[in-house]
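# Secondary and tertiary structure notes
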Amino acid sequence: MDLIIAKGLLIPFLGTALGSACVLFMKKELDARLQKGLSGFAAGVMIAAAVWSLLIPSMNQAGEQGLGKLAFVPAVIGFCLGMLFLLLLDVVIPHMHLNETVEGPKSSLSKTTMMVLAVTLHNIPEGMAVGVLYAGWYTGTVHVSSSAALALAIGIAIQNFPEGAIISMPLHSKGLSKIKSCWYGILSGIVEPAAGFVTIVLSQFIIPVLPYLLSFAAGAMIYVVVEELVPEMAAEEDERHSNIGTIMFMTGFSLMMVLDVALG
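Predicted, not measured: the structure shown is a model, and the values here were computed from it. (Residues numbered from 1 in each chain as written. Predicted model: local features only at pLDDT ≥ 70, side-chain atom pairs only at ≥ 80, totals over all residues. Heavy atoms only, no water.)

For the rest of this paragraph, the subject is the side chain of Asp90. As for its placement among the helices and strands, Asp90 is situated in helix H3 (residues 72–92). Asp90 gets classed as buried once you look at its relative accessible area, which sits at 9%. Within the local environment of Asp90, its side chain forms a polar contact with the side chain of Tyr223, the two groups lying 2.6 Å apart. (Helix = DSSP H or I, 4+ residues; strand = E, 2+ residues; numbered from the N terminus. Buried < 20%, exposed > 50% of the residue type's maximum accessible area, 1.4 Å probe, protein only. Polar contact = N/O pair within 3.5 Å; in protein donor to acceptor, adjacent residues only side chain to side chain.)

Attention now goes to the nonpolar core. Residues Leu54, Val130, Tyr134, Leu152 and Leu229 are the most contacted members of the largest nonpolar core, which totals 46 residues. Elements supplying a minimum of two residues to this core: helix H1 (2–20), helix H2 (32–67), H3, helix H4 (111–139), helix H5 (146–173), helix H7 (191–201) and helix H9 (210–234). If you tally residues by element for this core, the top one is H9, at twelve residues. (Core = buried A, V, L, I, M, F, W, Y, C linked by side-chain atoms within 4.5 Å.)

This part takes up a nonpolar patch on the surface. There is a patch of nonpolar side chains on the surface, built from Ile77, Leu81, Leu84, Leu87, Leu88, Val91, Val92, Val209 and Tyr212 and spanning about 750 Å² of accessible area. Along the chain, Leu88 falls in helix H3. For Leu88, a relative accessible area of 47% corresponds to the partly exposed category. (Patch = residues over 30% accessible without salt bridge, like charges linked within 9 Å, V, L, I, M, F, W, Y side chains within 5 Å. Areas by Shrake-Rupley, 256 points an atom, 1.4 Å probe, with all protein chains shown as cover. Salt bridge = Lys/Arg side-chain N within 4 Å of Asp/Glu carboxyl O.)

This part takes up the packing of aromatic side chains. Throughout the structure, instances matching the rule amount to four aromatic pairs. Relative to Phe216, the ring of Phe85 has its centre 5.5 Å away and its plane inclined at 45 degrees; by these criteria the two rings are tilted. Of this pair, Phe85 sits in helix H3 while Phe216 is found in helix H9, placing the two residues 131 residues apart along the sequence. On the accessibility criterion, Phe216 (16% relative accessible area) is buried. Between Tyr134 and Trp137 the ring centres are 6.1 Å apart and the planes differ by 80 degrees, which places this aromatic pair in the edge-to-face class. Highlighted residues: Tyr134 and Trp137, both in helix H4, separated by three residues, approximately one helical turn. The two residues Tyr134 and Trp137 agree in class, both being buried. Three or more aromatic residues link up through ring pairs in this structure, and these residues are Trp52, Phe249 and Phe253. (Phe/Tyr/Trp six-rings, centres within 6.5 Å; stacked < 30°, edge-to-face > 60°.)

Okay, the packing of H2 against helix H10 (residues 244–263) next. Relative to each other, H2 and H10 sit at 35 degrees, their axes nearing to 6 Å. Along this stretch, H2 crosses H10, giving a crossing that reads as right-handed. Partitioned by chemical class, the residues of the contact of H2 with H10 number 14 nonpolar, seven polar and three charged. (Axes fitted to C-alpha atoms, helices over the stretch in contact; angles between N-to-C directions. Left-handed = near helix turned anticlockwise from the far one by under 90°. Nonpolar A, V, L, I, M, F, W, Y, C, P; charged D, E, K, R; others polar.)

In contact at an axis separation of 8 Å, H2 and H9 are set at 160 degrees when each is read in the N-to-C sense. Taken together, the axes of H2 and H9 are roughly antiparallel relative to one another. Here H2 runs over H9; the crossing is left-handed. Within the contact of H2 with H9, the residues separate by chemical class into 20 nonpolar, seven polar and two charged. (Parallel < 35°, antiparallel > 145°, perpendicular 65-115°, else oblique.)

Mapped onto the fold, Ala220 is located in helix H9. Along the primary structure Ala220 and Phe85 are separated by 135 residues, whereas in three dimensions their C-alpha atoms are 7.1 Å apart.

Following the sequence through the fold, Val209 ends up in the loop between helix H8 (203–206) and H9. Taking the C-alpha atoms as reference points, Val209 and Val116, 93 residues apart in sequence, are found 31 Å from one another.

It is worth spelling out the confidence of the model for the protein at this point. Reading fine detail from the predicted coordinates is not recommended where pLDDT is low. In this model, the protein carries a mean pLDDT of 82, and residues with pLDDT of at least 70 account for 91%. No element of the protein has a lower mean pLDDT than strand E1 (residues 95–96), at 68, and none a higher one than H3, at 90. (pLDDT = per-residue confidence, 0-100.)

Moving on to H5. A turn of α-helix holds 3.6 residues, and therefore any two residues three or four places apart point the same way. With 28 residues, H5 should cover 40 Å at 1.5 Å per step; its first-to-last C-alpha distance of 40 Å lies within 8% of that length. Of all bends in H5, the biggest is about 25 degrees, found at Asn160, and the proline Pro162 comes one to four residues later. Among the 28 residues of H5, 20 are classified as buried, and the element is accordingly described as predominantly covered. (Expected span 1.5 Å × (residues − 1). Bend = angle between axes of the 7 residues up to and from the residue.)

Okay, structure coming up:
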C-alpha cells in the first residue's frame, strides 16, 4: 500500500520533470498559439478533476456522515476556503507570470525566482488534491478506489507536462542555460509530492474534515484555472483571436472524464 501511494504522489512530479526537460531538446521558445493551447488543456484537466475527483466525493462523504440534504455545506465551505487560500498566497508571495506581470509585495528577488514561485503556487493545490484522495482511500473514509486516485494523479501529470515546458522554455529564452532552466522547472514541481505526503501523514487526524479538504483542494485548483490559465488561453496576440485554447480545454476536460471513469 505504501508503494502504491508513493508511486501515486510521484506521478504528477514526473509529468513536470519530463515537461521541463523539453528545453534540452527544443531550440526556440514556445509558439504563442501552442502556449495558449497547453494552458487550455491544463485548465480542462484541472476543472474536470476538481468536479469528479474532489467536489462530488466531498458531497458523497458528507452525506454518509449524516448531513443529508445539507451535504453541500462542507463542499461549499471548503471550496471557498480553497480559493481564498490561493488568493492570500497571491497577495503575500512575490511572483511573476509568463507575461512578466508581477504580483505580491515588492521584492528584490530575481525575475527567474519569482517566475518559479508563480508555478510553485499553482502546484500546491494539485499536490494536495492527490494527497487527500489517497488519504481518503488509505483510511477507507471516502468511497474512492486506488484506481480513482491514480486517475487523478495521471490526469495532473498529463497537464503538468505542458506546464513544465511552459516554465522552462521562457526561462531559457530570458538567458538561463538549458540545464538551469530545466532544473528550475523540476524544482517548481517538488512541492506536489511534498504537499501530498504531508496530507497523508496527517490523514489520521483529518478524517472528520476530509469532505472539507477535498473541496478545499478543488477550490484552490479552480482558482488557478480562473486566475491564470483561462486568461492565458484567451489572450489575443497581435489583435488576432484564436480558438485553440477553447479546443484544447475541451480535449483536456474530456480526457480527464475518460480517465476518471475508466480507472475509477
